[in-house]
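Chain and residue survey
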Amino acid sequence: MGTKMKTYPMPNFDTLKVVKQASVSNFVIPKFARKEFFALKITGLVRVPRDGMYSFSTSSDDGSALYIGDQQVVNNDGIHGDEEISGEIALKAGLHPITVLMFQGRGGEALGVQMEGPNIAKGPIPADWLTHNR
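Structural notes, computed from the coordinates. (Residues numbered from 1 in each chain as written. Predicted model: local features only at pLDDT ≥ 70, side-chain atom pairs only at ≥ 80, totals over all residues. Heavy atoms only, no water.)

1. Looking at the environment of alanine 90
Considering the arrangement of structural elements, one finds alanine 90 in strand S5 (residues 83–91). Since its relative accessible area comes to 56%, alanine 90 is described here as exposed. C-alpha of alanine 90 to C-alpha of glycine 117: the two residues are 27 residues apart in sequence and 9.6 Å apart in space. Among residues more than four places away in sequence, those in contact with alanine 90 are Gly52 and Met53. (Helix = DSSP H or I, 4+ residues; strand = E, 2+ residues; numbered from the N terminus. Buried < 20%, exposed > 50% of the residue type's maximum accessible area, 1.4 Å probe, protein only. Contact = heavy atoms within 4.5 Å.)

2. Structural notes on the sheet that holds strand S3 (residues 64–68)
Ordered in space as S4-S3-S6-S1-S9, the five strands form an open sheet in which the pairing is antiparallel. In the strand order of this sheet, the two ends are held by strand S4 (71–76) and strand S9 (130–131), each with one partner. (Pairing = 2+ DSSP bridges.)

3. Some points on the pattern of salt bridges
Evaluation of the coordinates by the stated rule reveals three salt bridges. Between arginine 106 and glutamate 36 there is a salt bridge, and its shortest N-O distance comes to 3.8 Å. With arginine 106 in the loop between strand S6 (94–104) and strand S7 (110–117) and glutamate 36 in the segment before strand S1 (38–48), this pair connects stretches of sequence that are 70 residues apart. On the accessibility criterion, arginine 106 (60% relative accessible area) is exposed. (Salt bridge = Lys/Arg side-chain N within 4 Å of Asp/Glu carboxyl O.)

4. Quick word on the layout of surface pockets
Leftover empty space is mapped by rolling, across the atoms, a probe with the size of a water molecule. Size it by volume and the largest pocket reaches roughly 800 Å³. Around the largest pocket, the lining is made up of 24 residues, and of these Val19, Lys20, Ala39, Leu40 and Lys41 lie nearest the centre. Among the elements that line the lining of the largest pocket, the one with the most residues is S1, at six residues. Looking at the lining of the largest pocket residue by residue, the classes come out as 16 nonpolar, four polar and four charged. (1 Å grid on protein atoms, 1.4 Å probe; cavity = no way out; pocket = protein on both sides within 12 Å on 5 of 7 lines; lining within 4 Å. Points joined across faces, edges and corners; volume = space filled by probe spheres on them. Nonpolar A, V, L, I, M, F, W, Y, C, P; charged D, E, K, R; others polar.)

5. Some details on the sheet that holds strand S2 (residues 52–61)
Backbone hydrogen bonds are what pair the strands of a sheet, in a parallel or an antiparallel way. Taken together, the four strands give an open sheet; going across it, the order is S5-S2-S7-S8, and neighbouring strands pair in antiparallel fashion. For this open sheet the edge positions go to S5 and strand S8 (120–124), each flanked by a neighbour on one side alone. Each neighbouring strand pair of the sheet contributes to a mean axis angle of 15°, computed without reference to strand direction. Here S2 runs beside S5; their pairing, made up of nine bridges, is antiparallel. (Axes fitted to C-alpha atoms, helices over the stretch in contact; angles between N-to-C directions.)

6. Observations regarding the pairing of S7
In the sheet, S2 pairs with S7 via seven bridges, with the strands oriented antiparallel. Following the sheet pairing, phenylalanine 56 is matched in S7 by methionine 115. Pairing analysis gives three bridges linking S7 to S8, with the strands arranged antiparallel. Note that in S8 the partner of glycine 117 across the bridge is isoleucine 120. Counting the residues that bridge the hairpin from S7 to S8 gives two residues, and of these asparagine 119 lies at a positive phi of roughly 60°.

Written out as structure tokens, the structure reads:
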């Protein structure tokens, strides 16, 4: 039986030319993005209401990744259709840096970010839990 091999073409975001910067209120593909061959880096802070284990997930077509601080929590890399991958991290209550990376090759495009935690059902991160300001 063969093993499905996944390619990992996530670009090196440090070497990419920034074409446009914008402020967004959630993790979505902005309307100004091209239909194919683009990459997004969305940064900000997420407010965690209480100490505990949190699960974050990205659903994307094609690859994506999610970081809390410098720790990669989700690796959803590769050329693929809309696929959801999750990961867990222990967090203290308060603000934490969050970064979502995403790239688009050909075909369909999608990006979604969800979280769940202590007494928090899985769903999109509430917009009022996200900020750019400490």
